[in-house]
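# Chain and residue survey
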Amino acid sequence: MRYTGESLESFANAVLRGFGCDQNEADIVANHLILANSTGHDSHGIGMLPMYGAQVRDGNLICNQTPVFHDPVGAITVVDAKCGFGHRMALIALDRAMQTMDEHRVAVLGLRNSGHVSRVGTYSEYCASKGFVSIHMVNVVGHPPLVAPFGARAAGFSTNPISMAMPVDGQAKPLLDIATSTVAFGKIRVASNKGEKVPLGYLVDNEGVPTTDPDPMANSREGALSAFGDYKGSGLGMFVELLAGALASDDTVATKEHIPEGVYNNMFSVIIDPAGFDSKDQVAKRTLEFYDYIKSKPAAKGVDEVLMPGEPEKISKADRDKNGIPVDDETMRQIFETADMFNVDEQQLRERLVNA
Ligand code: NAD
């Protein structure tokens, strides 16, 4: 079933209000989730609502939280999100960190103890909208790791994403936004919900052998995701863990006790004003020059066009803005079940949904 993005956002908003988010927080989170769906990242779209609801119910994700700001040290800012909704906490933390921009032309942020920040590319887009280059690295704590280190049969760290972007006319161009696993865990959940297999290379079973069956991993965390690029992606994932967890925060996956349990993110961000190096226009000009240069390369046999990072998301958004966002029945069922836990009226929720 495809729904209009506007109606899905209103639907998600009502569910979040039911959780206890105030209107501002519900607006930010719903907008974030629908943008993830419309850019093609269903793994980080409204399908996250059941997990958020369970965390709120258990008191492990706090609605309308007030973050704690540590005193800045030079260009370094640390923000403790105190288990608040990560989508809002990350934006507040970035705004706070960017206060060092005028003096230093750079801001380095350690966001700690945050609820799930979801699609990390959102934060590159946010920084680019203010004319800044940015790099964000996120580790995941509070639950068992998901990704097998290269050569291991057991998971050792999580999907540890990285996002970076250049700013061109207020847009993130190009925008790289990747998990360091071959795919994000949510894509395994989505495949399992749809009853589909996953390509070989996404997962290993509990003996470390590649498998195409998403169900054991999605339902009972048996096996592990594979890091992309063998030992290279595995090593990169470990450094995301170290920069986000050991340096910018106080919590890596190896920190034995994490209370409360759930899905928490720490984010290490470096935000750079291009004007610290050259005029912003010159940096944007060289970026576009390189962008067009890569785009001009002849496509490989069987490939229509060389795409830059960020382009598949734009293509998906154009399609889904026009033709609606597909949401599978199982994901919808889980969201209604979660909403029901918070006594959100099902009929009123359904009335918000408009088929595309
Ligand atoms: P993915 O494998 O779809 O890769 C996405 C990136 O690759 C994008 O930058 C995209 O533009 C680029 N890309 C895709 N196809 C391309 C092509 N043909 N040519 C050029 N570039 C191409 O995504 P993923 O790694 O599964 O990550 C999905 C999302 O999950 C991301 O938004 C990430 O931030 C998020 N995530 C979040 C967490 C968390 O804990 N908050 C953890 C893991 C992942």
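Residues numbered from 1 in each chain as written. Predicted model: local features only at pLDDT ≥ 70, side-chain atom pairs only at ≥ 80, totals over all residues. Heavy atoms only, no water.

## A closer look at the side chain of Ser-181
Assignment of secondary structure puts Ser-181 in the loop between strand 8 (171–178) and helix 7 (185–194). Residue classification places Ser-181 among the buried positions, given a relative accessible area of 1%. Polar side-chain contacts of Ser-181 include one of 2.4 Å to the backbone oxygen of Val-183. Setting aside residues no more than four positions away along its own chain, Ser-181 makes contact with Val-147, Thr-159, Leu-225, Ser-226, Ala-227 and Phe-228. (Helix = DSSP H or I, 4+ residues; strand = E, 2+ residues; numbered from the N terminus. Buried < 20%, exposed > 50% of the residue type's maximum accessible area, 1.4 Å probe, protein only. Polar contact = N/O pair within 3.5 Å; in protein donor to acceptor, adjacent residues only side chain to side chain. Contact = heavy atoms within 4.5 Å.)

## Digging into the nonpolar core
With 32 residues, the main nonpolar core has Leu-8, Phe-19, Ile-46, Leu-49 and Phe-85 as its most contacted residues. Among the elements of the structure, helix 1 (5–19), helix 2 (23–38), helix 3 (49–57) and helix 12 (329–341) are those that each provide at least two residues to this core. In terms of residues, this core owes the most to one element, helix 1, which gives seven residues. The contact partners of Phe-85, leaving out residues within four places of it in the chain, are Leu-16, Phe-19, Cys-21, Glu-25, Val-29, Tyr-52, Val-56, Leu-61, Ile-62 and Cys-63. Counting residues in each nonpolar core, the second largest holds 21 residues, with Met-89, Leu-91, Val-117 and Phe-132 among its members. (Core = buried A, V, L, I, M, F, W, Y, C linked by side-chain atoms within 4.5 Å.)

## A few points about the sheet that holds strand 9 (residues 203–204)
In space, the four strands of this open sheet follow the order 6-11-9-10, with mixed pairing throughout. Every other strand in the sheet has two partners, leaving strand 6 (147–148) and strand 10 (210–211) as the edge strands with one partner each. Sheet analysis places strand 9 next to strand 10, joined by two bridges and oriented antiparallel. Looking at strand 10, one finds that Leu-203 is bridged to Thr-211. (Pairing = 2+ DSSP bridges.)

## Let's talk about the site of the ligand
The environment of the ligand is formed by 24 residues, the closest being His-44, Asp-177, Ala-179, Gly-310 and Glu-313. One of the backbone N or O atoms of Val-120 is found 3.0 Å from an oxygen atom in the ligand. In the environment of the ligand, an oxygen atom lies 3.2 Å from a nitrogen or oxygen atom belonging to the backbone of Ala-184. Protein burial of the ligand: of its 860 Å² of free accessible surface, 80% is covered by the chains. At the level of secondary structure, the elements contributing two or more residues to the shell around the ligand comprise strand 8 and helix 11 (311–323). Take the shell around the ligand: its biggest share by element is four residues, from strand 8. Within the shell around the ligand, the residues separate by chemical class into 13 nonpolar, seven polar and four charged. (Near = heavy atom within 4 Å. Areas by Shrake-Rupley, 256 points an atom, 1.4 Å probe, with all protein chains shown as cover. Nonpolar A, V, L, I, M, F, W, Y, C, P; charged D, E, K, R; others polar.)

## Brief notes about the packing of helix 2 against helix 11
Direction vectors running N to C along helix 2 and helix 11 enclose 100°, while the axes themselves pass 8 Å from each other. By the angle class used here, helix 2 and helix 11 are roughly perpendicular. Residues Leu-35, Asn-37 and Ser-38 of helix 2 pack against Glu-313, Ser-316, Lys-317, Arg-320 and Asp-321 of helix 11. Looking at side-chain class alone, the contact of helix 2 with helix 11 contains one nonpolar, three polar and four charged residues. (Axes fitted to C-alpha atoms, helices over the stretch in contact; angles between N-to-C directions. Parallel < 35°, antiparallel > 145°, perpendicular 65-115°, else oblique.)

## Quick notes on the environment of Ser-163
In this structure, Ser-163 sits in strand 7 (residues 162–168). With a relative accessible area of 0%, Ser-163 lands in the buried category. Separated by 10 residues in the primary sequence, Ser-163 and Lys-173 place their C-alpha atoms 12 Å from one another. In this structure the side chain of Ser-163 is engaged in a polar contact, spanning 2.5 Å, whose partner is the side chain of Ser-124.

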